[in-house]
Amino acid sequence: MSGQRNKETSALGVSADRYSTVSSSIAPTTSDKYTRSSDEHHDEKLDDIAELLPPSKNADTAVVDKTILEPEPVGVLQLFRFATPLDRVLTLAGVFFSCASGVVTPVMIIIFSKLMGVIIQYADLSAADLESANHYLGHESRHYCLLFFILGIVMFVVSFG
């Protein structure tokens, strides 16, 4: 019977002798009687599983029906069919706050570029009048530092709040 079983292929198209090798390596080797009954039990379970699987299109190449391996695509609204209203609200809040967090970086670049413009303008003004140039740089740098501080608070709130 084992010679006949080894030549058969399962519904997945894989030779059955591969399964018997696995089962003999897993089964305890304390007694031959126990190992043989374990192999026979394992073969019966494989036969039961093979009957439940859909038949293979080509038994020689282990081709499995693709409906088992590839789920059908679903729409966006179907993804949330089991979600509670709280889940939906939290998801929308997460999308909103992640978008807000993404907006902070370009705003920071714009503010930084304006601060660099102030520093460049300071270099031009310092040649004419150093005291007024220092006052201008101090006033404008405090203004942009305040903007960066506010931007940091906003970033903290939208990221972790």
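Residues numbered from 1 in each chain as written. Predicted model: local features only at pLDDT ≥ 70, side-chain atom pairs only at ≥ 80, totals over all residues. Heavy atoms only, no water.

Draft legend 1. Representation of the overall build of the chain in the model. Helix and strand counts for the chain come out as 7 helices and 0 strands. If you list the helices and strands of the chain from N to C, you get α-α-α-α-α-α-α. Evaluated residue by residue, the chain yields a buried proportion of 14% over its 161 residues. Sequence-distant contacts, at least 24 apart, represent 50% of the contacts inside the chain between residues at least 6 apart. Summed over its atoms, the accessible surface of the chain is roughly 12600 Å², and 66% of this surface lies on carbon and sulfur atoms. (Helix = DSSP H or I, 4+ residues; strand = E, 2+ residues; numbered from the N terminus. Buried < 20%, exposed > 50% of the residue type's maximum accessible area, 1.4 Å probe, protein only. Contact = heavy atoms within 4.5 Å. Areas by Shrake-Rupley, 256 points an atom, 1.4 Å probe, with all protein chains shown as cover.)

Draft legend 2. Broad picture of the packing of aromatic side chains. Going through the model one piece at a time under the given rule, you end up with 2 aromatic pairs. Between the aromatic rings of Phe156 and Phe160, the centroid separation amounts to 5.5 Å while the plane-to-plane angle is 45 degrees, which identifies the pairing as tilted. Residue Phe156 and its partner Phe160 are both found in helix H7 (residues 130–160); the two are separated by 4 residues, about one turn of the helix. Note on accessibility: Phe156 and Phe160 belong to one class, exposed. (Phe/Tyr/Trp six-rings, centres within 6.5 Å; stacked < 30°, edge-to-face > 60°.)

Draft legend 3. Fine view of the environment of Cys99. Take Cys99: it is sitting in helix H6 (residues 85–128). Considering only alpha carbons, one finds Cys99 and Val158, 59 residues apart in sequence, at a separation of 9.0 Å.

Draft legend 4. Summary view of the nonpolar core. One finds Val104, Ile111, Leu115, Val118, Tyr144 and Leu151 forming the largest nonpolar core, which totals 6 residues. The element best represented in this core is H6, accounting for 4 residues. In contact with Val104, not counting residues within four places along its chain, are Leu151, Val154 and Met155. (Core = buried A, V, L, I, M, F, W, Y, C linked by side-chain atoms within 4.5 Å.)

Draft legend 5. How the structure looks around the side chain of Ser101. Locating Ser101 in the fold gives a position in helix H6. Non-local contacts of Ser101, meaning those with residues more than four positions away in its chain, are made with Met155, Val158 and Ser159.

Draft legend 6. Main features of the environment of Gly94. Here Gly94 shows up in helix H6. Separated by 65 residues in sequence, Gly94 and Ser159 have C-alpha atoms that sit 9.4 Å apart.

Draft legend 7. Spotlight on H6. Here H6 is 44 residues long and its end C-alpha atoms lie 65 Å apart, about the 64 Å a rise of 1.5 Å per residue gives. Taken together, the buried positions of H6 are Ser101, Val104, Ile111, Leu115 and Val118. Looking at the buried residues of H6, the elements they touch are H7. (Expected span 1.5 Å × (residues − 1).)

Draft legend 8. Here's a closer look at the side chain of Glu140. Assignment of secondary structure puts Glu140 in helix H7. Of the buried charged residues, Glu140 lacks a salt bridge, with Lys114 as the closest side chain of opposite charge at 9.5 Å. Engagement of the side chain of Glu140 in a polar contact is seen with the side chain of His139, the distance being 3.5 Å. (Lys, Arg positive; Asp, Glu negative; His and termini not counted. Salt bridge = Lys/Arg side-chain N within 4 Å of Asp/Glu carboxyl O. Polar contact = N/O pair within 3.5 Å; in protein donor to acceptor, adjacent residues only side chain to side chain.)

Draft legend 9. Structural view of H7. Between its first and last C-alpha atoms H7 spans 44 Å; for 31 residues at 1.5 Å apiece the expected length is 45 Å, and the two agree. All of the buried residues in H7 are Ala133, Gly138, Glu140, Tyr144, Leu151 and Val158. Contacts from the buried residues of H7 go to H6.

Draft legend 10. Focus on the confidence of the model for the chain. The predicted model of the chain has a mean per-residue pLDDT of 75, with 60% of residues at 70 or higher. This model gives residues 1–11 a pLDDT under 50, and the stretch forms 19 contacts once residues within four places in sequence are excluded. Predicted confidence is poor over residues 31–35, with pLDDT under 50, and the contacts of this stretch with residues over four places away or in other chains come to 4 contacts. (pLDDT = per-residue confidence, 0-100.)

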